[in-house]
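One letter stands for each residue in the lines below.
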Amino acid sequence: MEDMDIEKVIKKRLTGFISELLKVGTVKGFKYFAMYLRGREELIISVLNKPTNSCNRYIIDVPTMHNLQRIQNRGELSAMSPSASLTSNNLPYDKRSLMLSARTQMSLSGMSHHGVGLPPASPSENETSTSMMTENSTLFLIAAYTRYKCPYVWVRSNHDRLITLGKEEEDDKDNPLRLRSTSQWANSSDIQLWHIINEVVKLCTIPAPANPFQVDFEYFDNLPLPERVISTGAMVNFLHKVIQHDHVDRSYTAGVMEDLNILTKKHFKDMQQLICVQGLPILQEKTKHMVHDGSSGPTATLQNLFAI
């Protein structure tokens, strides 16, 4: 393939990635992380460091000795191979394992003659998303800068928890992470935004969750009905994409499918209630026509009307 054709393909893929960034960045209700869109090319993600049993929304069961033994037998606690994703099991990592070197950055940026690597738009010490900073979370920046032609991830807080940096290496805090998903993105059309999120969550949260996209149902229960319908619809759409298009990592598919089934039922039940309580004229009119045409009840009507 000609260089010009490759440029076009990469540009088209990056445009699609940015579009997905804007869609996924608005989805709320995950148990292990929260997202905030900052501009067109940047997504801030706040990832839980460690699930607790306190009164917050980040709660998982404490693993039993039996479960830990099963995990160890599967080799998940063993040292990771260079080609595999790093997890929170072995934090902190040395800089060479977790960050792209200056030489690699300059090679990838195409600006080695200027001595420029792959810095984020602003240094982490100037991070403005202070409202997302908590004692039990770490901020990451997922960005798809057009000039870099590929998405990258930078740590924005709690660097010392993830990476061992010497005093003379403080300037390296803004090096992008060495992730399998971002490394493979340019050469694999299968790599999606959720693969990057999956890798970041498993790197940060202790213990690394089997399903990084686990739904926080309590979050949705506490929303007003109209907002809940919109929010569950957005989450259902995202989880459906993960199930339908994920050919790279199926380790969390069963968990995602289980949450998807529960949330889909909840979404349609709430939609039916919203129509009955608030009397949405357009939906009522469409529902009336569909029932007239032989639909089998309001739930079936809603499933046809809002088919996912």
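Our subject is the structure that appears above.
Residues numbered from 1 in each chain as written. Predicted model: local features only at pLDDT ≥ 70, side-chain atom pairs only at ≥ 80, totals over all residues. Heavy atoms only, no water.

Asks: What is the right way to read the sheet that holds strand β4 (residues 137-143) from this model?
Replies: What links the strands of a sheet is backbone hydrogen bonding, and the strands pair in either a parallel or an antiparallel sense. Strand order in the open sheet formed by 4 strands is β1-β2-β4-β5, and the pairing between neighbours is antiparallel. The open sheet has two free edges, formed respectively by β1 (33-38) and β5 (152-155), since each of these has just one partner strand. Within this sheet the neighbouring strands show an average axis-to-axis angle of 25°, counted without direction. Alignment of β1 against strand β2 (residues 42-48), held across 6 bridges, turns out to be antiparallel. Bridge assignment links alanine 34 to a residue of β2, and that residue is serine 46. (Pairing = 2+ DSSP bridges. Helix = DSSP H or I, 4+ residues; strand = E, 2+ residues; numbered from the N terminus. Axes fitted to C-alpha atoms, helices over the stretch in contact; angles between N-to-C directions.)

Asks: How should the nonpolar core be read in this particular structure?
Replies: What tends to happen in soluble globular proteins is that the nonpolar side chains get buried as a cluster. The biggest cluster of nonpolar side chains holds 65 residues, and the ones touching the most others in it are Phe33, Phe140, Leu177, Ile197 and Phe213. Sort the elements by how many residues they give to this core and helix α7 (residues 193-204) lands first, with 8 residues. Look past the residues within four positions of phenylalanine 140 in its chain and what remains in contact with it is Leu43, Ile44, Ile45, Val47, Val153, Trp154, Val155, Arg156, Leu162, Leu177, Val200 and Cys204. By size, the runner-up hydrophobic cluster in this structure holds 5 residues, among which are Leu225, Met271, Leu274 and Ile275. (Core = buried A, V, L, I, M, F, W, Y, C linked by side-chain atoms within 4.5 Å. Buried < 20%, exposed > 50% of the residue type's maximum accessible area, 1.4 Å probe, protein only. Contact = heavy atoms within 4.5 Å.)

Asks: Help me understand the pattern of salt bridges in this model?
Replies: Oppositely charged side chains are able to pair whenever their charged atoms sit close together. Going through the model one piece at a time under the given rule, you end up with 9 salt bridges. Close ionic contact of arginine 38 with glutamate 42 constitutes a salt bridge, the shortest N to O distance being 3.1 Å. In this structure arginine 38 comes out as buried when scored by relative accessible area, which is 17%. Glutamate 42 gets classed as buried once you look at its relative accessible area, which sits at 11%. (Salt bridge = Lys/Arg side-chain N within 4 Å of Asp/Glu carboxyl O.)

Asks: Quick question: what am I supposed to make of unusual backbone geometry here?
Replies: In most cases, non-glycine residues show a negative phi, while peptide bonds are predominantly trans. Cis geometry marks the peptide bond from leucine 91 to proline 92; its omega dihedral reads -5°. Cis geometry marks the peptide bond from isoleucine 206 to proline 207, where omega comes out at -5°. Checked against the element boundaries, proline 207 lands in the loop between α7 and α8 (217-221). Phi at lysine 149 is positive, roughly 65°, even though this residue is not glycine. Checked against the element boundaries, lysine 149 lands in the loop between β4 and β5. Since its relative accessible area comes to 39%, lysine 149 is described here as partly exposed. Backbone geometry at asparagine 158 places phi at a positive 55°, although glycine is not the residue there. You can see asparagine 158 is positioned in the loop between β5 and α5 (159-162).

Asks: Hey, could you run me through the packing of aromatic side chains in this one?
Replies: Working definition: an aromatic ring pair is given by the centre-to-centre distance plus the angle between the planes. All told, the structure shown has 13 aromatic pairs when counted by the stated rule. Relative to phenylalanine 238, the ring of tryptophan 194 lies with its centre 6.2 Å away and its plane at 85°, an arrangement referred to as edge-to-face. Separated by 44 residues along the polypeptide, tryptophan 194 in helix α7 and phenylalanine 238 in helix α9 (residues 225-245) bring together distant segments of the chain. Like tryptophan 194, the residue phenylalanine 238 is buried in the burial classification. (Phe/Tyr/Trp six-rings, centres within 6.5 Å; stacked < 30°, edge-to-face > 60°.)

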